[in-house]
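# Descriptive structure summary
Below, each chain spelled out in residue letters.
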Amino acid sequence: MTYTGNANWFQNSLTEHFLAFVFSQKGYFFLTRVMQTWSLVSICVLLGVVVRWGVSLNSYSGAQKPPMFGDYEAQRHWQEVTYNLPVQEWYFNNTDNDLNYWGLDYPPLTAYHSWICAYIAKIINPEWVELHRSRGYESPAHKLFMRTTVLVADVLIYIPAVVLYCLYLADGSSKKKVSTLFCFLLYPGLILIDHGHFQYNGVSLGFALWGVLALGLGWDALGSMAFSLALNYKQMELYHALPFFCYLLGKCVKDGLMGRGLFLLVRIAATVLATFALCWLPFLSDPSQALQVVRRIFPVGRGLFEDKVANTWCSLNTLIKIRSILSGDFQLYLSFALTILAVLPSSIRLLTKPTFWNFKLALVNSSLAFFLFSYQVHEKSILLVALPICLLLNDLPFTSAWFLQASTFSMLPLFLKDGLLVPYAVTSAAFLLLSICLLSVLDHCSEEEMELCTYKKLLFCHPKMDLACIVRWKFYISIAAMAGLSILSVALEPPRHLPDLFPVLVSTIAFLHFLGTFIHFNILQFSKLPSRKRQKKNN
Amino acid sequence: MAVQSDGWSWFLPLAAGVSLFKCLFINAYRSTDFEVHRNWLAITHSLPVSSWYHENTSEWTLDYPPLFAWFEFGLSKVAQHFDKNMLLVENLNYASPETVMFQRLSVIFTDLVFIFAVRECSRCVQVQKVSRDILDQPSFVLSVLLLWNFGLFVVDHIHFQYNGFLFGFLLLSVAKHLQSEHLQGALLFSILLNLKHIYLYVAPAYGVYLLRDYCFTRDVKDGSIGWRSFSLLRLLVLGGIVVSVFTLSVGPFLVMGQLPQVLSRLFPFKRGLCHAYWAPNIWALYNILDKVLVVLGVRLKLLQEAELPRASMTGGLVQEFQHSVLPSISPATTLFCTLLSILPAVVSIWRRPRGARGFLRCLLLCALGSFMFGWHVHEKAVLLVILPLSILAVESREDAGIFLLLSTTGHYSLFPLLHTPAELLIKVCLMLMFTTFSFTALRRLHRGKGSLLRPLEVFYLLGLVAVAIACEVVFPLSPWKHRLPFLPLLVTSVYCSVGVCYSFLRLYLSLWRSDCKAKQP
């Protein structure tokens, strides 16, 4: 038999086998099951898209609020700047580029994204991106355009990553996967910030998620590339950087730094360097250019915190006025030191035991540590913590759903300022409903499933004490408190001498939740008693 | 909890989820129907009953039956706590954020009737085998098909109307018949008739069914009617219920001598054969045939262009028009055609009643028959068929096929209702969601016996995708946009009317088949 004949024969028999499989009873059921899963997935995705679009029909940040407007105008302004000015002037202050009016302060990938959007805007209506004259431009058509750009970015980057993650890296029956996917896609915080308030967090979080996905599937170089893209879109992705670094390094070390590990390490390093170089290409010709970009991205002069953030500094501020006691530089060093101290345990643990499970936990711990202790944190940065928590929706439904609820709640003052009360109430209530029904969180809070056994050992509790019951009651009380405070801050005028009463209360309550989560997940990472399920996965 | 023990734990979360979802679209596009209902709120709130049907400050005069006016009156009592200004008759086109919020929430809250009705209907579904998987439960599938119904959602919560509330009454009355609570069913239906008179379309089915199945208590052995078993008492009770509801509703106006005025508002025959956008029925095909003949005639020089009556039938403004080649249609003709089309169905349940399910099929045929042949039919009226058909679809294979065909076509024909760019995505996604779900769930329910649709039907439905892309994407970008602005509407209604007509025939065929089956014991 000739070679081609052989190949033909092989092909034919393959086709035959395939057809036989399809037409057999078993194959038919298999195919229908796959089709059913995919049609359920597509329903979830469509619903996710419609909900995003429904939220985006509402107001955005800074709508009709001259002279500074809000994040919507910032994004539009970047389109204007990137379209009309040469690359070299994007990050510099000059007559055409007033950096005090929403100057670019995100890494180059954001700028390129704005530039692409600006090209499309120019085709539709040149007025939208006209230099100087388009400042504060608002119109229904323009709103539609801007909203569409966010949705397109979400559909292209974030949603596919979520779908693939839930289908391939979450375990359980296909129904459980779809439920997780549903909740993941409908997490209210991200929807409200991106499609209500107006930002492009879906892009950076989506890239980070692609990174996690690739690492989970074992494609380390691709994963590090995706994560580098995320870093180059928003510098806040640094919150996730240490776990990525430690996981990859730990893996290389495990493979032996003298042999395969070294090869892997070099490959990853080369990928990261190449990605960075590509992203920064226009700014590399002149060192002053690159330095200016870095200076814009890390504005150390803006103070320890702004507004009311649910982190340590702002919460401490209600007791001690830190900002007046400590000097600016000292604040910076203090927050830096504390952040490092808080990240270190989980990172070292990950370095020594680089499993995917540990990686996910370390992502939570690192981003929460950054959120709680680092310098210049925005309330929206909680989304960076919410993403890794979403990854754990399948494994720890109760804790994750609780945290996600609290994280949405922590941004309440922002939503009220933007006129997003109705979408906030609707999506939060829907998420609570979904997590209770689909993930059946309340059935999943036995001691074993929440990994509470460690606590028993730590606290020398009486063995008969039902920790799970206590935790469940805490959950009820916390939900009631969040709902109650939401209603109060809408319905009541704060007393005259305490105008910030409700935002402070919101941020303090949220802070308590976050701190609790931080401690809990750190303990989880160090607990030596992985349940049977997890052992199986690690093998 | 009692609810959880009998496997209904999914219902409340499902209903709550749907209601929350509806709240997302409070700020979406709304049609003039929003102003219509605001005006009615104002009329019923600030004017005495005697001038409700005389008031004409706004062009949107009250043209629903009296019970609906009372319903608006009740709503207005709540509305005054939101914003008093919306209750002033002269405040035309008033839409403050509070007004929008109140009106939208009123639709969402009155949908509770619908939710309750869906639950009652789902209880009546026959279950062949008990299954653990939720997608295998017909009651679950039916609830989703009804609660997430694309058409109802679009018409009520974006376009703005109170159909959910009204369909709640219809489905509840159907459920009562399925549960053999005929008197309650009759009561609910007579209330419904006095809320919105469009339900007159299905009244023949109710009349004949109640007379035949309820007033005659027993059949002769061979299935024909047993004249001796006629129960006068039952007829009197039934009549009493219907008459008392009508007295409550129309009585006051009868006393005030306003009945002719009310009737002239309810039945405005001055409108044209077709609505501005042709509903996908037989007249759409008739109109297009006329157009084609005109074009052909002019081309072949059989007709003089100057002699033809000038009327743009799709112009939107012209409501009355004449056909050029084919004879023009008068209201009497449509009435005759409608009666003729529903006659076989009605006769069939008179001669051979097949219980409440036979009645439901007859109701569907009446609704679809009047949709097909009626005078000035709105495209929204197709919901009158799609919603009740869902009940049959989860029970029988044949009906599932008809349902898939009709619901997809009928729902697509609602697309022109939402014509603003921001709502394009919503309608497309929701439609895809509903269609995907109905195909997946119904195929799963009726699995193992081949496909639900014939190849030609699948091909036709795929054609809808092409039509959608052509009308929604390609056409707005093409140079014809300004020359022939109504071309997409025309294409949509003609293409959809083919599917609707076909479904009508298939529905009749299924009735005829079950007739044959009943004859051969």
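As the structure is a computational prediction, the values presented were derived from the model and not from experiment. (Residues numbered from 1 in each chain as written. Chains lettered and ligands numbered in written order. Predicted model: local features only at pLDDT ≥ 70, side-chain atom pairs only at ≥ 80, totals over all residues. Heavy atoms only, no water.)

## With respect to the overall build of chain B
How we decide: Where helices and strands are cited, they refer to DSSP runs of H or I of at least four residues and of E of at least two residues respectively, numbered from the N terminus. The reference for a compact globule is 2.2 Å times residues^0.38; the radius of gyration itself is calculated from the C-alpha atoms. When checking whether two residues touch, look at their non-hydrogen atoms; a contact exists if any pair is within 4.5 Å. With residues, only the protein chains shown are counted as cover, and all accessible areas are computed by Shrake-Rupley using a 1.4 Å probe. Charged-residue counts in this description rest on Lys and Arg as positive and Asp and Glu as negative, His and the chain ends being excluded. Think of each charge as sitting on NZ of Lys, CZ of Arg, CG of Asp or CD of Glu.
Each helix and strand counted, chain B has 21 helices and 0 strands in total. Here chain B has a C-alpha radius of gyration of 24 Å; the compact-globule value for 521 residues is 24 Å, and the two agree. Reported as C-alpha extents along the three principal axes, the dimensions of chain B are approximately 65 × 55 × 45 Å. In chain B, once contacts between residues fewer than 6 apart in sequence are set aside, the share between residues at least 24 apart is 77%. Surface exposure of chain B reaches about 22,800 Å², of which carbon and sulfur atoms provide 66%. Once the 43 positive and 31 negative side-chain charges of chain B are each reduced to a mean point, those two points are 8 Å apart.

## Description of the interface of chain B and chain A
Quick note on the threshold: Buried area counts how much accessible surface, traced with a 1.4 Å probe, disappears from two parts once they are put together, with both parts' losses summed. Take a side-chain nitrogen of Lys or Arg and a carboxyl oxygen of Asp or Glu: if they are within 4 Å of each other, that pair is a salt bridge. Each polar contact in these results corresponds to two N or O atoms within 3.5 Å; when the atoms are within protein, one needs to be able to donate a hydrogen and the other to accept it, and residues that are neighboring in sequence are counted only if both atoms are side-chain atoms. Gly counts as polar in this scheme, as do all residues outside two lists: the nonpolar Ala, Val, Leu, Ile, Met, Phe, Trp, Tyr, Cys and Pro, and the charged Asp, Glu, Lys and Arg.
In this complex, chain B contributes 29 residues to the contact, which on the side of chain A involves 26 residues. Its largest share of buried area at the contact with chain A, chain B owes to Leu20(B), Leu24(B) and Met433(B), together 25% of the area lost on that side. On inspection of chain B and its partner chain A, the count reaches 0 salt bridges. Linking chain B with chain A are 4 residue pairs in polar contact (both at pLDDT 80 or more). Listing elements by their share of the side of chain B that touches chain A, those giving two or more residues are α2 (11–23) and α18 (421–445) of chain B. Here the side of chain B that touches chain A gets 14 residues from one element, more than from any other, and that element is α18(B). Here the residues of the side of chain B that touches chain A sort into 21 nonpolar, 4 polar and 4 charged.

## Description of the pattern of salt bridges
Residue and element names in this part refer to chain B. Under the convention used in this document: Whether a residue is buried, partly exposed or exposed follows from its accessible area with a 1.4 Å probe, protein chains only, as a fraction of its type maximum: under 20%, in between, or over 50%, in that order.
Following the criterion strictly, the structure yields 20 salt bridges over all chains and no others. With its nearest N and O atoms 2.8 Å apart, the salt bridge here joins Glu457 to Arg506. Here Glu457 is found in helix α19 (residues 455–477), whereas its partner Arg506 is found in helix α21 (residues 487–519), with 49 residues between them in sequence. For the pair shown, Glu457 and Arg506 are each scored as buried. Residues participating in the shared-partner salt-bridge network are Glu398, Arg454, Glu457, Arg506 and Arg513.

## Focus: the confidence of the model for chain A
This is how the line gets drawn: The predictor reports its confidence for every residue as pLDDT, a score running from 0 up to 100.
On average, chain A scores 87 in pLDDT, and the residues at 70 or more come to 89%. Low pLDDT, under 50, characterises residues 1–5 of chain A; the predicted model gives this stretch 1 contact beyond four residues in sequence or across chains.

## Details of the packing of helix α4 (residues 66–79) of chain B against helix α5 (residues 97–124) of chain B
Residue and element names in this part refer to chain B. Note the following rule: Simply put, an axis is a line fit to the C-alpha atoms, just over the touching stretch for a helix, and the angle between two N-to-C directions goes from 0 to 180 degrees. An angle below 35 degrees is treated as roughly parallel, one above 145 as roughly antiparallel, one from 65 to 115 as roughly perpendicular, and anything else as oblique. Handedness of each helix crossing follows the sense of rotation of the near helix against the far helix: counterclockwise by less than a right angle gives left-handed, clockwise gives right-handed.
Put simply, α4 and α5 touch, their axes get as near as 11 Å, and they point 125 degrees apart. Considering their axes alone, α4 and α5 lie oblique with respect to each other. Where α4 crosses over α5, the handedness of that crossing is right-handed. Judged by residue contacts, Phe71, Leu75, Val78 and Ala79 of α4 engage Phe102, Ser106 and Thr110 from α5.

## Some words on the side chain of Asp194(A)
Residues and elements named next belong to chain A. Checked against the element boundaries, Asp194 lands in helix α7 (residues 188–198). Although Asp194 is buried, it forms no salt bridge, and the closest oppositely charged side chain is Lys234 at an N-O distance of 6.2 Å. What Asp194 contacts, discounting residues up to four positions off in sequence, is Arg147, Val150, Asp154, Gln199, Tyr200, Asn201 and Gly202.

## A word on a nonpolar patch on the surface
Residue and element names in this part refer to chain A. For clarity, the cut-off: Only residues whose relative accessible area exceeds 30% and that form no salt bridge are eligible for patches; like-charged ones are grouped when within 9 Å, while nonpolar side chains (Val, Leu, Ile, Met, Phe, Trp, Tyr) are grouped when within 5 Å.
A grouping of Phe30, Leu31, Val34, Trp38, Tyr168, Leu217, Trp219, Leu222 and Met225 is seen on the molecular surface, where their side chains present a nonpolar patch of about 870 Å² in accessible area. The set of elements that each furnish at least two residues to the nonpolar patch consists of α2 (25–56) and α9 (220–233). Residue contributions to the nonpolar patch peak at 4 residues, all from α2. Mapped onto the secondary structure, Val34 falls in helix α2.

## Focus on the packing of aromatic side chains
Residues and elements named next belong to chain B. Here is the rule: Two rings from Phe, Tyr or Trp (for Trp, the six-membered ring) form a pair when their centres are within 6.5 Å of each other. A pair whose planes differ by under 30 degrees is stacked, one over 60 is edge-to-face, and the rest are tilted.
Under the defined criterion, the tally for this structure stands at 61 aromatic pairs over all chains. Taken together, a centroid distance of 6.1 Å and an interplanar angle of 65 degrees make the contact between Phe68 and Tyr162 edge-to-face. In this pair, Phe68 sits in helix α4 while Tyr162 sits in the loop between α7 (150–160) and α8 (163–178), placing the two residues 94 residues apart along the sequence. Across the pair, Tyr162 and Phe68 agree in class, each one buried. Consider the rings of Phe167 and Tyr199, whose centres lie 5.8 Å apart with planes at 85 degrees: the pair is edge-to-face. Here Tyr199 lies in the loop between α9 (182–195) and α10 (203–215) and Phe167 lies in helix α8, a separation of 32 residues in the sequence.

## So, the environment of Arg132(B)
All names here are of chain B. Relative to the elements of secondary structure, Arg132 occurs in the loop between α5 and α6 (138–147). On the basis of relative accessibility, which here comes to 84%, the residue Arg132 falls in the exposed class. In this structure, the C-alpha to C-alpha distance between Arg132 and Gly7, residues 125 residues apart in sequence, is 9.3 Å.

## A closer look at unusual backbone geometry
Note: most residues except glycine have negative phi, and most peptide bonds are trans. Residues and elements named next belong to chain A. Here the residue pair Pro66 and Pro67 is connected by a cis peptide bond, since its omega of 5 degrees sits within 30 degrees of zero. Tracing the backbone shows Pro67 in the loop between α2 and α3 (71–84). Here the phi dihedral of His132 falls at roughly 65 degrees; this positive angle occurs in a residue that is not glycine. Examined against the element boundaries, His132 turns out to sit in the loop between α4 (108–124) and α5 (140–169). When its relative accessible area of 38% is taken as the criterion, His132 is described as partly exposed. A positive phi angle is found at Gln376, which is not glycine, with a value near 55 degrees. Turning to its location among the elements, Gln376 is positioned in the loop between α16 (356–373) and α17 (382–391).

## Comments concerning the nonpolar core
Inclusion rule: Residues belong to a common nonpolar core when they are buried Ala, Val, Leu, Ile, Met, Phe, Trp, Tyr or Cys residues joined through side-chain atoms within 4.5 Å.
Core analysis: the biggest nonpolar cluster contains 309 residues, and Phe184(A), Phe514(A) and Leu442(B) have the highest contact counts within it. When residues in this core are grouped by element, the largest group, 15 residues, is from α5(A). Leu442(B) has contacts with Val141(B), Leu145(B), Ala393(B), Val394(B), Ala400(B), Phe403(B), Leu404(B), Phe437(B) and Leu452(B), leaving out every residue within four places of it along the chain. Formed by 6 residues, the second largest nonpolar core is a distinct cluster that contains Leu304(A), Phe305(A), Trp313(A) and Tyr375(A).

## Let's talk about the packing of α6(B) against helix α16 (residues 383–393) of chain B
Residue and element names in this part refer to chain B. Between α6 and α16, the least distance of the axes is 9 Å, while the angle of their chain directions is 170 degrees. One finds that α6 runs roughly antiparallel with respect to α16. Of the residues in α16, those in contact with Leu142, Leu145 and Leu146 of α6 are Leu387, Ser390 and Ile391.

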